[in-house]
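Residue-level listing of the chains:
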Amino acid sequence: MATLDIHNPATGTLITTLDADSDASVAAKAAAARAAQPAWAALPMAERLAVMQRFRAALLAQIDTLAATMTQETGKPIALSRNEINGLLPRIDFFVEQAEDAVHDEHVFDGGGLHEQIAHVPLGLVLNISAWNYPYFVGCNVIVPALLTGNAVLYKPSEYATLTGLHITRLLHEAGVPPAVMQCLVGAGAVGAAALAQPINGVFFTGSHATGQKIAQAVAARLIKLQLELGGKDPTYVRADVDVRAAAESLADGAMYNTGQGCCSVERIYVHADVHDAFVQHFVDTVRGMKRGDPMDDSSYIGAITRAPQLQVLRAQVDDAVGRGARVLFGGQVLPGPGNWFEPTVLVDVNHDMQVMREESFGPIVGIQKVDSDDEALALMNDTRYGLTAGVYTRDEAKARELLARVNAGSVYWNCCDRVSPRLPWSGWGDSGIGLTLSRQGIQTFTRPKAWHLRAPA
Ligand code: NAD
């Protein structure tokens, strides 16, 4: 039987070895889930809502254990692990509050003996292939609304967050989701590929652009629902009218939170020349104050790099930038092991010839580029194949709105960054993906509309 080793990226030690799913067990789980889905969908919504409320309560009750597991397998600092689980609670509340209203029958016309209504029917069996960087958020953005709307779920957590995926699955089962309806698959990409070959009705993927393309190709012939939440190269523009120190502190947090391993982590900053030097000074001071260390220590802010191969990507981006004239003002180095560690890194004198301003870094690296005008900043922000988030820091709301309206991104921020709201749709434009999660639409997306044309007999 194939196995999956789970390592602690902060120390390099083996945590445990799990039995991985085989093609046969993936097929058996998919078949069981398909068979169990109609009965789950037939339950009154109130029962599914009650299940999610019990799931929420269990997350809160077990937060210390759950956070410790996530920290050990991902290297995320423990305070941030608790933040993530605490941050999931209002998302669940949103889904629970909105689910019934989002998918109840809509009666849209009644007249002349004709009645028209829209029903929202569950897709059936949905596959969630997930990432490791915010495993509770990205997993539950799909799993919770999918289950609430009556779907069965095949869930393939990342091989770098599998113990967390197993916790999520266990808690849902204990809360009352029938085990057949919510199935966790253990393994790496091959297990995800095996799941894609099953008769699923939709695939909801979070991960890299490269894998997203493979997923899209794997299901293209079947015309099933496909959502891809992919990477970003998230820019922010700092105008000259800001409180420079406050902007620098906010953006340093946006760049370095979760050790920069966020799809909406700030990766490019364009600063007006009038405040560039002061901004850079405050930014570097803020980064210098961020404590790097044992992720299990409550005071650590910078943790490990979860995937060892990413160290070389970060190293190569820094080398490429320096080779083309950038200056490293802070960090820049892979740290000696054990474990995977990279220094928080601040680069200036960067430009768009450099990989660090074009390709996703997904680590604690940021490039800061000087600009002379709003138009120059806007052109640079839009000079990307990605389109996940973008922000503007300024005191001038009208100017912020004008600039952000012209930015090609699914989420835009005025005087904030690295932020996700359950009330707003989360969607990538361009190579950042297709489809959306969160918001009311992120509930309806797990259903398909059925149009009823009803003519009463004369
Ligand atoms: P990844 O693409 O390496 O892996 C994602 C998932 O796909 C994993 O579960 C993996 O096992 C699976 N997989 C790999 N190959 C597969 C295949 N051929 N068929 C089916 N499944 C396969 O990404 P990652 O390293 O886990 O996550 C990091 C990426 O995710 C970054 O690019 C980040 O920006 C992105 N991300 C995006 C969002 C968003 O909301 N847009 C959120 C979090 C992360």
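Just so it is clear, the model here is predicted, and its values are computed rather than measured. (Residues numbered from 1 in each chain as written. Predicted model: local features only at pLDDT ≥ 70, side-chain atom pairs only at ≥ 80, totals over all residues. Heavy atoms only, no water.)

A word on the pairing of strand E3 (residues 106–111). One ladder, built from five bridges, connects E3 with strand E4 (residues 114–122); its direction is antiparallel. Note that in E4 the partner of Asp110 across the bridge is His115. The antiparallel pairing of E3 with E4 creates a hairpin that spans two residues between the two strands, and Gly112 there sits at a positive phi of about 60°. (Pairing = 2+ DSSP bridges. Helix = DSSP H or I, 4+ residues; strand = E, 2+ residues; numbered from the N terminus.)

What follows deals with the domain arrangement of the protein. Many descriptions give the size of an interface as the accessible area lost when the pieces come together. By the assigned domains, the protein splits into domain 1 (3–230 + 432–455) and domain 2 (234–421). Computed from C-alpha coordinates alone, the two centres of domain 1 and domain 2 are separated by 30 Å. On the side of domain 2, 28 residues touch domain 1, which itself brings 26 residues to the contact. Summed over both sides, the interface of domain 1 with domain 2 buries roughly 2,300 Å², with 58% coming from carbon and sulfur. At the boundary of domain 1 with domain 2, the tally comes to one salt bridge. (Domains from an automatic or database assignment. Contact = heavy atoms within 4.5 Å. Buried area = accessible area lost by both parts, 1.4 Å probe. Salt bridge = Lys/Arg side-chain N within 4 Å of Asp/Glu carboxyl O.)

Glancing now at the packing of aromatic side chains. This model, assessed by the stated rule, comprises six aromatic pairs. An angle of 75° between the planes, with centres 5.5 Å apart, marks the rings of Trp132 and Phe362 as edge-to-face. Residue Trp132 is located in the loop between strand E5 (125–129) and helix H5 (135–148), and its partner Phe362 is located in the loop between strand E15 (345–348) and strand E16 (365–371); the two are separated by 230 residues in the primary sequence. A cation over an aromatic ring shows up here: Arg91 above the ring of Phe137, its NZ or CZ 3.9 Å from the ring centre. (Phe/Tyr/Trp six-rings, centres within 6.5 Å; stacked < 30°, edge-to-face > 60°. Lys NZ or Arg CZ within 6 Å of the ring centre and 35° of its normal.)

Turning our eyes to something else, we now look at the site of the ligand. Neighbouring the ligand are 31 residues; Lys156, Glu159, Ser208, Thr211 and Glu360 lie closest to it. A distance of 2.7 Å separates an oxygen atom of the ligand from a polar side-chain atom of Ser208. One nitrogen or oxygen atom from the side chain of Glu229 is found 3.2 Å from an oxygen atom belonging to the ligand. Isolated, the ligand exposes 850 Å² of accessible area, and the fraction of that covered by the protein chains is 90%. (Near = heavy atom within 4 Å. Polar contact = N/O pair within 3.5 Å; in protein donor to acceptor, adjacent residues only side chain to side chain. Areas by Shrake-Rupley, 256 points an atom, 1.4 Å probe, with all protein chains shown as cover.)

What follows deals with the packing of helix H2 (residues 45–61) against helix H4 (residues 78–103). Two elements in contact, H2 and H4, have axes whose closest approach is 10 Å; the angle formed by their N-to-C orientations is 175°. Relative to H4, the element H2 lies roughly antiparallel. Only Ile85, Asn86, Leu88, Leu89, Ile92, Asp93, Val96, Ala99, Glu100 and Val103 of H4 make contact with H2, whose side of the interface consists of Met45, Leu49, Met52, Gln53, Phe55, Arg56, Leu59 and Leu60. Residue composition of the contact of H2 with H4, by class: 13 nonpolar, two polar and three charged. (Axes fitted to C-alpha atoms, helices over the stretch in contact; angles between N-to-C directions. Parallel < 35°, antiparallel > 145°, perpendicular 65-115°, else oblique. Nonpolar A, V, L, I, M, F, W, Y, C, P; charged D, E, K, R; others polar.)

Moving on: the state of the cysteines. Covalent bonding between the sulfur atoms of two cysteines is what defines a disulfide. A complete count under the given rule lists zero disulfides for this structure. Cys264 forms no disulfide, and the closest cysteine sulfur to it belongs to Cys263, at a distance of 4.6 Å. Overall, Cys264 belongs to the buried group, its relative accessible area being 7%. The cysteine Cys416 is free of any disulfide, with Cys417 supplying the nearest cysteine sulfur at 7.0 Å. Note on Cys416: relative accessible area 26%, which makes it partly exposed. (Disulfide = S-S within 2.5 Å. Buried < 20%, exposed > 50% of the residue type's maximum accessible area, 1.4 Å probe, protein only.)

What follows covers the pattern of salt bridges. Applying the stated rule across the entire model yields 25 salt bridges. We note a salt bridge from Asp320 to Arg324, for which the minimum N-O separation is 2.8 Å. When its relative accessible area of 48% is taken as the criterion, Arg324 is described as partly exposed.

This next bit is on helix H6 (residues 162–175). Here H6 spans 20 Å end to end across 14 residues, near enough to the 20 Å set by a 1.5 Å rise per residue. When H6 is considered as a whole, its buried residues turn out to be Thr162, Leu163, Thr164, Gly165, His167, Ile168, Thr169, Leu171, Leu172 and Ala175. Positive phi appears at Gly176, one or two residues downstream of H6, with a value of about 125°. (Expected span 1.5 Å × (residues − 1).)

Right, let's get into the environment of Pro199. Inspection of the secondary structure puts Pro199 in the loop between helix H7 (189–196) and strand E8 (202–206). Residues Pro199 and Ile224, spaced 25 residues apart in sequence, show a C-alpha to C-alpha distance of 9.7 Å. Ignoring sequence-local partners within four residues, the contact set of Pro199 consists of Arg34 and Leu125.

So, about the nonpolar core. Membership of the largest hydrophobic core comes to 105 residues, with the highest contact counts inside it found for Phe55, Leu59, Leu147, Ile269, Phe279 and Phe283. A total of 12 residues in this core trace back to one element, the largest contributor, which is H4. In contact with Phe55, other than residues within four places in its own chain, are Ile92, Cys140, Val144, Ile168, Leu171, Leu172 and Ala175. Core analysis: the next-biggest nonpolar cluster, separate from the first, contains 27 residues, Tyr270, Phe342, Val356 and Leu403 among them. (Core = buried A, V, L, I, M, F, W, Y, C linked by side-chain atoms within 4.5 Å.)

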